[in-house]
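# Coordinate analysis (summary)
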Amino acid sequence: MMPFTYVRAGSLEEATAAYAARPGARYLGGGTNLVDLMKLGVEEPAALVDIGRLPLDTVEEQADGSLRVGALVRNSDLAAHPAVRERYPALSQALLAGASGQLRNAATTGGNLLQRTRCPYFQDVSKPCNKRVPGSGCGARDGVHHDHAVLGHSPHCIATHPSDMAVALAALDARVELYGPEGARSLAAAEFHRLPGEHPERDTEIRPGELVTGVLLPAAAGGLPSAFRKVRDRASYAFALASVAAVLRVADDVVDHVGLAFGGLAHRPWRARRAETELVGEAPTAEAFAHAVDLELSAAQPLRDNAYKVALARSLALDVLTRLAVSAVKRMP
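Residues numbered from 1 in each chain as written. Predicted model: local features only at pLDDT ≥ 70, side-chain atom pairs only at ≥ 80, totals over all residues. Heavy atoms only, no water.

### Some thoughts on the sheet that holds strand β8 (residues 211-217)
For sheets, the rule is that strands pair by backbone hydrogen bonds, running either parallel or antiparallel. The five strands are arranged β4-β5-β8-β6-β7 in an open sheet whose pairing can be described as antiparallel. Every interior strand has two partners, whereas the edge strands, β4 (59-61) and β7 (183-188), have only one. Averaged over all neighbouring strand pairs, the angle between strand axes comes to 25°, with direction disregarded. With three bridges joining them, β4 and strand β5 (residues 67-70) adopt antiparallel strand pairing. Note that in β5 the partner of E60 across the bridge is R68. (Pairing = 2+ DSSP bridges. Helix = DSSP H or I, 4+ residues; strand = E, 2+ residues; numbered from the N terminus. Axes fitted to C-alpha atoms, helices over the stretch in contact; angles between N-to-C directions.)

Dropping the structure here:
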């Protein structure tokens, strides 16, 4: 076992100072992903900065109607929270689909966002992986890639991001709140994760020393019809082959607002901006949905063994959008 230093932080300032003082440190929350990677030898932190006692474990209503979720709120608590179930059902559904009850009881909101790919080449230190060892190659490209990306991948990496929660947050226009050496800031959830490009080792736009402090769910998306659906290899808990999160508002018989995101298709939750642009102002019909989704998925570049994902994602998106349209029309005055 590789020895490491353990530090328990009592405040955000203590956490970032401890991290900065120890090169090779990692923040520790629920540990459901980090500890597994340490056991595999993928992660070998020189120090663990435990943030588990920080006051980041509440869900709070804001004056403007938005909902702030602390980074240490457990996935099980967030999925069951009445405000989330009633106003942001896609998020609750994504969390419940994402893992077993035991894992949801330990996993945190921040950790869920920061979990790393489940690509077997990344998790096996005997295999080449540019995400784990930049410049070593991508074993999946010519190897086993049934589960891998069809959108936004690069010659250096075809891994997918595993979080279901992040897909829902992207569709809902949530923001990720951060704190680091330069103070506090926030990023749109849809822009928090990166495409691989030439640097697949960088999963997110987080800066050195920053930690996730919370997620802000906007008031504008609260109460709108939203839903999440995923397909996996088995009915038990498994990572998505493809998933869809969507939120839809219909006014005067046309789509007034739509948020659409795919999971399991790319290195990050894929916000379907092209499809959204096509749908706004259109009647919520099967034809309009099919046209918009087909335009979005026309950018797909499937590999030898994963072309099925394009058709699968298309079917999921059309099903979710059609169901939401029925609900949205019913809510029209």
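Moving on, there is more to tell.
### Remarks on the sheet that holds strand β2 (residues 25-28)
Pairing within the open sheet is parallel, and its three strands lie in the order β1-β3-β2. Each edge of the sheet is formed by a strand with only one pairing partner; in this case those strands are β1 (5-8) and β2. Averaged over all neighbouring strand pairs, the angle between strand axes comes to 20°, with direction disregarded. Across four bridges, β1 lies against strand β3 (residues 47-50) in parallel orientation. When the bridges of β3 are listed, V7 appears paired with V49. Helix-sheet contacts for helix α1 (residues 12-20) involve β1, β2 and β3, and the interaxial angle to β2 is about 155°. (Contact = heavy atoms within 4.5 Å.)

### Observations regarding helix α13 (residues 286-297)
Compared with an ideal rise of 1.5 Å per residue, which puts twelve residues at 16 Å, α13 spans 16 Å between its outermost C-alpha atoms and is within 8% of the ideal. Among all positions of α13, only A288, F289, A290, A292, V293, E296 and L297 are buried. (Expected span 1.5 Å × (residues − 1). Buried < 20%, exposed > 50% of the residue type's maximum accessible area, 1.4 Å probe, protein only.)

### Some points on unusual backbone geometry
Of note in this structure, D173 is not a glycine but carries a positive phi near 60°. Note on D173: relative accessible area 35%, which makes it partly exposed. Residue D252 is not a glycine yet carries a positive backbone phi of 55°. For D252, the position within the fold is in the loop between β10 (242-251) and β11 (254-263). In this structure D252 comes out as exposed when scored by relative accessible area, which is 69%.

### What about the pattern of salt bridges?
Taken as a whole, this structure holds 20 salt bridges when the rule is applied. Salt-bridge contacts for E61 lead to R87; the nearest nitrogen and oxygen are separated by 2.9 Å. Pair noted here: E61 is in strand β4 and R87 is in helix α4 (residues 82-87), with a separation of 26 residues, a long-range link. Between E276 and R271 there is a salt bridge whose closest N-O contact spans 2.5 Å. Take E276 and R271: they sit in the same class, and that class is buried. Salt bridges sharing common partners tie together R26, E43, R116, K131 and D203. (Salt bridge = Lys/Arg side-chain N within 4 Å of Asp/Glu carboxyl O.)

### Quick notes on helix α5 (residues 89-98)
For α5, the tally of buried residues reaches seven of ten residues, placing the bulk of the element in the interior. P89, A90, L91, S92, A94, L95 and A97 are the residues of α5 that are buried.

Everything listed is a geometric property; what it means functionally is a separate question.
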